[in-house]
Each structure stands twice: as structure tokens, then as C-alpha cells.
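Given next are the chains, with one letter for each unit.
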Amino acid sequence: MFEHHSTDALKPLLFGIIRSVTPSDIEIDFIDDRVEKLPDTIDSDIIAFSIETYTAKRGYILAKKYKTENNTIVMGGFHASAAPDEILNYADTVIIGDAEDSWPQMLEDYRNGVLKRRYESGETRPLTVLSEDKSIYRHKYFGVGVYQISRGCKFNCDFCSIKTMYKCVRRKSPDMIIDELKRAKEKIIFFVDDNLFYDKKSALELFEKLRPLKKKWACQISMDVGRDDELLTAMYKAGCILVLMGFESLNPKSLEMMNKVANHSARDYEEIIQNIYRHHMLIYGTFVLGYDGDDATAFQQIYDFSVKNALSVTNFNPLIPMPGTGVYKRMEQEGRLLYKKWWLSDNYRYGDTAYMPKNMTPDELKKGCLKIRTDFYSYRCIFKRLFSNRFNFRPINLFVFLAANLVSHREILKKQGQMLGGILGEADTD
């Protein structure tokens, strides 16, 4: 996304899977733009990019830089599924959907001289047949192991781009993920699933099998899980130390617009928070500000709530209309987008507002989010929250709390106001 290197980058799962489905006679090298300096030239037959919306412009600029008469540019990723026609303005071939089906076919077609412009996979391949070849990773990432049990989400939030790529939920078996974790060298694991809890029965089975491994881990949960003492007890016994929860808003009107079903039916957030604390786990809370139910008072209200309840980590995010989502389509129809495509604009900066809010100005939304971010991760507030929750002082919890807060303190101002990737300078996207 940016030209500076990140100190909080996690290992990307995709490329280990890509390595495992690439024929052994094909040489493949993984370069991670987030953590290393890129070469001036790349001598390769195929250069493949994984493109997210925030990294799209950076990917397009690099594709133009590295493109020659003798190589082929391939692009995939979430943004490729949301905007494949846009991708083909910068790539020779686009992979839509998961790559593990399309990638081997694309390589075979390339060898036979019949490369197609588009490759699209469905969601029929079971995750149980996938493996990860970690030999492709040569970098040191932020010291947390990244694993995935499922793809997709049973919810359909208005602002979330997950449904642009996944229409259903596919899962590995508990035995498969346990086998992977037995080989894991990391002591702390993050399950990157959008929602680990497809159903209660399978979750309890997984936690029972996790217990003997004595791993410490974090995952994302929905509000309904925060009310379930049986699940929370099983999670804690299995080694869970932190849960990421999408609070998103304190405003019932905004929650309704977001289609946050679990939140709308579980309005007493403080009761849920205290219930999670009773099970000795920390909370990473996320919020989305700028929905039509929000006005300028929402910032201080959400900040006070987060500090009062001693949330360990938070993201205070301005609403960003992501392509393919319900909120993007609505903003486009209402003529409220400030950019034709904010992710391509040379004027858009990280943290900027990409649309016209109803009850505040774009500048108020940008500055309001930045203020509560910087206040929340000020040293004063970090230590206030640290001493407000006695479970922070369990050794592993203390390490996680301090590491996450100090990294966030450092990264906020490095990212705010940065151009996404550089100057594309090609189209009028404003």
C-alpha cells in the first residue's frame, strides 16, 4: 500500500498455498512489498500480484514498472473479484476467486501458449485438500502465527467486502487444523477467519482438540458468542487470550443500516464485555464511523466507551465504501461518492473520507477518527487502560497488550495522510 515498510505485517497465507499447487519444476520467488525493498527489475516469465482495494494503485504502478515485451502480468486477490475489468487495464490475465484452482490451469495454459485473459474459480473445492508450503517465506514477520480454518462468513454486513469473493462458508476439519498447529513454531496464533463460529457443535469440538497443544491464540467472534458461557469457557481452556469483536457502532440506527444482526439483538455491549473479561480474555474492538445515523458526537462517545471498558486494542475506522459492497452501491446511486474510484485517485490519502456523510462534513469524519485513534494510543491512555483491567497482568496478556499498543502508537501517524502507492496519473478518477 505504502512505500515505507510496516512493523506489524503478518505472514500472508496465500503464497504458501500457491507454492504448494505450483509444479515442482517451476521456480517461484515471493517478494513482500510490505517488509522489503523491491528490486529495480524482475527477470521472470510471469509476475503475479495479489491485489486488495487499498493496494490496487500500488499494484498497478508496479505492474507498469515491471512489464516488458517478454513477461506476463497476472493479478488476483479480493479486488480482482470485485473489479476484474479494471484489473485487465493493467494485467494480461486476471484470476477471479480463489487461486488454487485457477493458478495451476493458468500455468499449464501459459506453457501451451493458450493463456486466457480471465480465470474464474467457484467455491466447490474443499479446504481439506489444501496445504501450505512454508518454504516460500524468507522474511521475519510480526511474531504471530497466521492460520485459517474457514473461508467466508455467515453474516452479510453492509460495509464488508467478504461477500464479493465468498458467497458460502467452507471449512477445514478440526483434525486438519490441529495437524497444522502441531507443526507450528509460533507460540501465539491468530485465526484469520472472518467468523470462527460456523456452529456451536463444531466450535466446541475444535476447542477440545486445541487444549492439549497449549497454544495461545486469538480469533474474531460475533456478539452472540460473547453471551455464551459454554463457548467462552471452552475457548479459554483451549488457550484463547484475545477476541476481536466488531462493535462497529453504539447507534442502533447505524447498526441496522450495517445489517449487524448479532449486534442489533445484543445491545448491551458492556454486559458482553464483562462476560468476556470474566473468562480472562482481552478484547480487540472495531468501530465504523460515518454511517447516516452518526453525527460529530459519535467520536467522543465511542472513545469514552472504549476507554471506560478498557478495550485492549481498537480500530476506529471511517466508513470506506468498498467496491462490490451494499454501501458502495448505495453511495454511488445517491451521488455521494467524492471520487469515482477513491482507490485510484492521486488526491486520496489514507484516512481521508471517500464519500459525503449525512450529518457531518468529510473533514470532520477524517479528523474525528484520527483524534480518537491518537488519543486512544497515547501513552497516557495506554497505561490507563492497562491498569483498568486486572487480566492484563497475566504474563502472556501483558505481552500482547503492550506489543499491540506500542506498535499501534508508532504506526498511526506513519500511515495517516499517505498517498496509496504513488502517482498513477492515468485517469480522471476524482
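Cut-off values and rules
- Residues numbered from 1 in each chain as written.
- Predicted model: local features only at pLDDT ≥ 70, side-chain atom pairs only at ≥ 80, totals over all residues.
- Heavy atoms only, no water.
- Salt bridge = Lys/Arg side-chain N within 4 Å of Asp/Glu carboxyl O.
- Helix = DSSP H or I, 4+ residues; strand = E, 2+ residues; numbered from the N terminus.
- Buried < 20%, exposed > 50% of the residue type's maximum accessible area, 1.4 Å probe, protein only.
- Contact = heavy atoms within 4.5 Å.
- 1 Å grid on protein atoms, 1.4 Å probe; cavity = no way out; pocket = protein on both sides within 12 Å on 5 of 7 lines; lining within 4 Å.
- Points joined across faces, edges and corners; volume = space filled by probe spheres on them.
- Nonpolar A, V, L, I, M, F, W, Y, C, P; charged D, E, K, R; others polar.
- Pairing = 2+ DSSP bridges.
- Axes fitted to C-alpha atoms, helices over the stretch in contact; angles between N-to-C directions.
- Parallel < 35°, antiparallel > 145°, perpendicular 65-115°, else oblique.
- Left-handed = near helix turned anticlockwise from the far one by under 90°.
- Core = buried A, V, L, I, M, F, W, Y, C linked by side-chain atoms within 4.5 Å.
- Arc of directions from axis to C-beta.
- Polar contact = N/O pair within 3.5 Å; in protein donor to acceptor, adjacent residues only side chain to side chain.

A. Looking closely at the pattern of salt bridges. Applying the stated criterion to the full structure yields 29 salt bridges. Between R34 and D32 there is a salt bridge, and its shortest N-O distance comes to 2.8 Å. With a shortest N-O distance of 3.0 Å, K341 and E86 are connected by a salt bridge. Remark: E86 occurs in helix α4 (residues 84-87) and K341 occurs in the loop between α14 (326-333) and α15 (362-376); sequence separation between them is 255 residues. On the accessibility criterion, E86 (4% relative accessible area) is buried. Salt bridges here are not isolated pairs; linked through shared partners, they connect D98, E100, R151 and R170.

B. Structural detail: the environment of I189. Inspection of the secondary structure puts I189 in strand β8 (residues 188-191). Placed 50 residues apart in sequence, I189 and G239 show a C-alpha to C-alpha distance of 9.8 Å. With residues up to four places along the chain from it excluded, the contact list for I189 reads V144, G145, Y147, L181, A184, K215, K216, W217 and A218.

C. The arrangement of the layout of surface pockets in detail. Considered as a void within the structure, the second largest pocket measures approximately 510 Å³ in volume. Taken together, 19 residues line the second largest pocket, and the ones lying closest to its centre are K11, K134, Y147, K185 and E186. At the level of secondary structure, the elements contributing two or more residues to the lining of the second largest pocket comprise β5 (145-147) and α6 (174-182). Its residues assigned to classes, the lining of the second largest pocket comprises seven nonpolar, four polar and eight charged.

D. Highlighting empty space enclosed by the protein. Taken as a whole, this structure holds three cavities of 30 Å³ or more when the rule is applied. Estimated volume of the largest cavity: approximately 130 Å³. Taken together, L13, I17, L127, L130, S131, E132, Y147, Q148, R151, K172 and E180 make up the lining of the largest cavity. What lines the second largest cavity is a set of 13 residues, and nearest its centre among them are I149, R171, L196, S202 and L206. Of all the elements, helix α7 (residues 200-210) adds the most residues to the lining of the second largest cavity, at three residues. Grouping the amino acids of the lining of the second largest cavity by side-chain chemistry returns six nonpolar, four polar and three charged.

E. Representation of the sheet that holds strand β11 (residues 282-289). Pairing is parallel across the open sheet formed by six strands, whose spatial order is β5-β8-β9-β10-β11-β12. What marks the edges here is a single partner per strand, and that holds for β5 and β12 (313-318). Neighbour to neighbour, the strand axes of the sheet diverge by 20° on average, direction disregarded. Here strand β10 (residues 240-248) pairs with β11 via six bridges, running parallel. If you follow L242 over to β11, its bridge partner there is L282.

F. Representation of the packing of helix α13 (residues 298-308) against α15 within the structure. Taken N-terminus to C-terminus, the directions of α13 and α15 make an angle of 20°; their axes are 10 Å apart at the nearest point. Looking at the two axes, α13 sits roughly parallel to α15. Relative to α15, α13 is oriented so that their crossing is right-handed. Of α15, the residues touching α13 (which contributes F299, Y303, S306 and V307) are E364, L365, G368, C369, I372, D375 and F376. Across the contact of α13 with α15, the residue classes tally to seven nonpolar, two polar and two charged.

G. The nonpolar core, seen in detail. Within the largest apolar cluster, 100 residues are counted, with the highest numbers of intra-cluster contacts made by F191, F207, W217 and M235. Apart from the residues within four sequence positions on either side, F191 is in contact with Y147, I149, I177, L181, L196, L210, W217, A218, C219 and Q220. Core analysis: the second largest hydrophobic core is formed by eleven residues, I18, V21, W103 and Y119 among them.

H. Representation of the side chain of T72. Take T72: it is sitting in strand β2 (residues 72-76). Taking relative accessible area as the criterion, T72 reaches 10% and is therefore assigned buried. Among all residues touching T72, those that are not within four sequence positions of it are D45, I46, I47, K67, D92, Y110 and L115.

I. Expanded view of helix α9 (residues 229-238). Every buried residue of α9 is listed here: L231, L232, A234, M235 and A238. Down the axis of α9, the buried side of the element spans an arc of 165°, and every buried residue falls inside it. Those residues of α9 that are buried lie in contact with α7, β9 (216-221), α8 (223-226), β10 and α12 (269-278). Two or three places before E230, at the opening of α9, D228 has a side-chain oxygen 3.1 Å from that residue's backbone nitrogen. Positioned one or two residues after α9, G239 has a phi angle of 110°, which is positive.

None of the figures reported here should be taken as evidence of function without further support.
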